[in-house]
Amino acid sequence: MSSVLTVVQSEEAKDRAATLRNRALLGANKNLLFWYRELYHDQFRDVPNPATLSILEVGSGTSPLKQFLPNIITSDVLDLDYLDLVFDCHEIDKLEAIKDNSIDVITLTNVLHHLKSPIAFLNCAASKLKPGGKVIATEPFFSVLSTPIFKYLHHEPVDFRISEPELGKVQGPLASANIALPWLIFFRRREWLQRLNENFDVASLSTRPFSALSYMVTGGISRRLPIPHSLYRRFFSTDLAFSRNFPRLCASFFTTTLARR
């Protein structure tokens, strides 16, 4: 038992160090910060006065969202001193720190594909939302352009052949992933999506593409490409337009919005 505990603690320490490193790298990448700023603006574009709402972010370890919306309640499974809450989001329904029916929006960016069971999490999370409250999540989208990038150039696993909407193996918050999982739920496996229907109005589900190559052109977390910021901003606008007009051809991310019943 002690050896298992040691392995778990080692994985957590490794993930914590990686999260702190990634957070610093993101903060130093001006083009990447711009990409996130535009993403957050798009995520909340249909939410009136988000600065006045109760908004919980799940998976805030690396996220810069609080820089743009200071009222965000930050959270993560990793114990990091800059977070408001530390808990396993799969047990959010048991979290006493947040009252039931009290949250206007729960937001996640590139988090669902790291969860053991994203559908179980979403159904549990519904209890914390006000009636009509929203879950807003952004995840990878698989188009003609992005599929080979995610499959062969990205470090996280891609598995389209899963028989259930969950991860088969969990090693740690960062190491465990299947970046195809949310795309399968929201675009390919209607029967999986229907498992949310008791708590969310699946018929009014909103999905929209977001960007094609503009994330990759920043260098992402792992590297920074020497592209002048003024040039990047112009490229971003064109890139976003292409992703919106030709999503199946070139979109790389999508944002989905679910409303609680």
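In the block above lies the structure referred to throughout.
Please read these numbers as outputs of a predicted model, since none were measured by experiment.

The rules behind these values
Residues numbered from 1 in each chain as written. Predicted model: local features only at pLDDT ≥ 70, side-chain atom pairs only at ≥ 80, totals over all residues. Heavy atoms only, no water. Helix = DSSP H or I, 4+ residues; strand = E, 2+ residues; numbered from the N terminus. Contact = heavy atoms within 4.5 Å. Polar contact = N/O pair within 3.5 Å; in protein donor to acceptor, adjacent residues only side chain to side chain. Pairing = 2+ DSSP bridges. Phe/Tyr/Trp six-rings, centres within 6.5 Å; stacked < 30°, edge-to-face > 60°. Buried < 20%, exposed > 50% of the residue type's maximum accessible area, 1.4 Å probe, protein only. Lys NZ or Arg CZ within 6 Å of the ring centre and 35° of its normal. Axes fitted to C-alpha atoms, helices over the stretch in contact; angles between N-to-C directions. Parallel < 35°, antiparallel > 145°, perpendicular 65-115°, else oblique. Left-handed = near helix turned anticlockwise from the far one by under 90°. 1 Å grid on protein atoms, 1.4 Å probe; cavity = no way out; pocket = protein on both sides within 12 Å on 5 of 7 lines; lining within 4 Å. Points joined across faces, edges and corners; volume = space filled by probe spheres on them. Nonpolar A, V, L, I, M, F, W, Y, C, P; charged D, E, K, R; others polar.

A. Structural detail: the environment of Tyr82. Of note, Tyr82 is situated in the loop between β2 (73-76) and β3 (85-86). Along the sequence, Tyr82 and Asn101 sit 19 residues apart, while their C-alpha atoms lie 25 Å from each other. Contacts of Tyr82, omitting those with residues within four sequence positions, involve Thr19, Leu20, Arg23, Ser60, Gly61 and Thr74. A polar side-chain atom of Tyr82 sits 2.5 Å from the main-chain carbonyl oxygen of Gly61.

B. The sheet that holds strand β5 (residues 129-140), seen in detail. Across the sheet, which stays open at both edges, the seven strands sit in the order β3-β2-β1-β4-β5-β7-β6 with mixed pairing between neighbours. At either margin of the open sheet sits one strand with a lone partner, and together these are β3 and β6 (206-209). One ladder, built from three bridges, connects strand β1 (residues 55-58) with strand β4 (residues 103-109); its direction is parallel. Residue pairing in the sheet places Glu57 in a bridge with Thr107 of β4.

C. Region of the structure containing unusual backbone geometry. For Asn110, which is not glycine, the phi torsion reads 55° and is therefore positive. Tracing the backbone shows Asn110 in the loop between β4 and α4 (118-125).

D. Highlighting the packing of aromatic side chains. Scanning the model with the defined rule gives 21 aromatic pairs in all. Centre to centre, the rings of Tyr36 and Tyr40 are 5.9 Å apart; their planes meet at 40°, and the pair counts as tilted. Placement of the pair is Tyr36 and Tyr40 together in helix α2 (residues 30-43), with a separation of four residues, close to one helical turn. Judged on exposure class, the residue Tyr36 and its partner Tyr40 are both buried. Relative to Phe187, the ring of Phe141 has its centre 5.2 Å away and its plane inclined at 85°; by these criteria the two rings are edge-to-face. Taken together, the positions of Phe141 in the loop between β5 and α5 (146-153) and Phe187 in helix α6 (residues 181-188) put the pair 46 residues apart, joining distant regions of the chain. Residue classification places Phe187 among the partly exposed residues on the basis of a relative accessible area of 29%. Over the face of the ring belonging to Tyr82 we find Arg23, whose NZ or CZ atom lies 3.9 Å from the ring centre. Here the basic side chain of Arg189 rests over the ring of Trp192, its NZ or CZ set 4.1 Å away from the ring centre.

E. Region of the structure containing the packing of α2 against helix α9 (residues 229-245). Interaxial distance between α2 and α9 falls to 11 Å at its minimum, and their mutual angle equals 40°. Comparing their axes, α9 and α2 come out oblique. α9 is crossed by α2, and the crossing has right-handed handedness. Note on element contacts: α9 touches α2 through His229, Tyr232, Arg233, Phe236 and Arg244, opposite Lys30, Asn31, Phe34, Trp35, Arg37, Glu38 and Asp42.

F. Region of interest: the layout of surface pockets. Of the pockets and cavities examined, the second largest pocket occupies roughly 220 Å³. Lining the second largest pocket, in full, are Phe141, Phe142, Trp183, Phe187, Arg188, Thr207, Arg208, Pro209, Pro247, Arg248 and Phe254. Contributing elements (two or more residues each) for the lining of the second largest pocket: α6, β6 and α10 (247-250). Considered class by class, the residues forming the lining of the second largest pocket number seven nonpolar, one polar and three charged.

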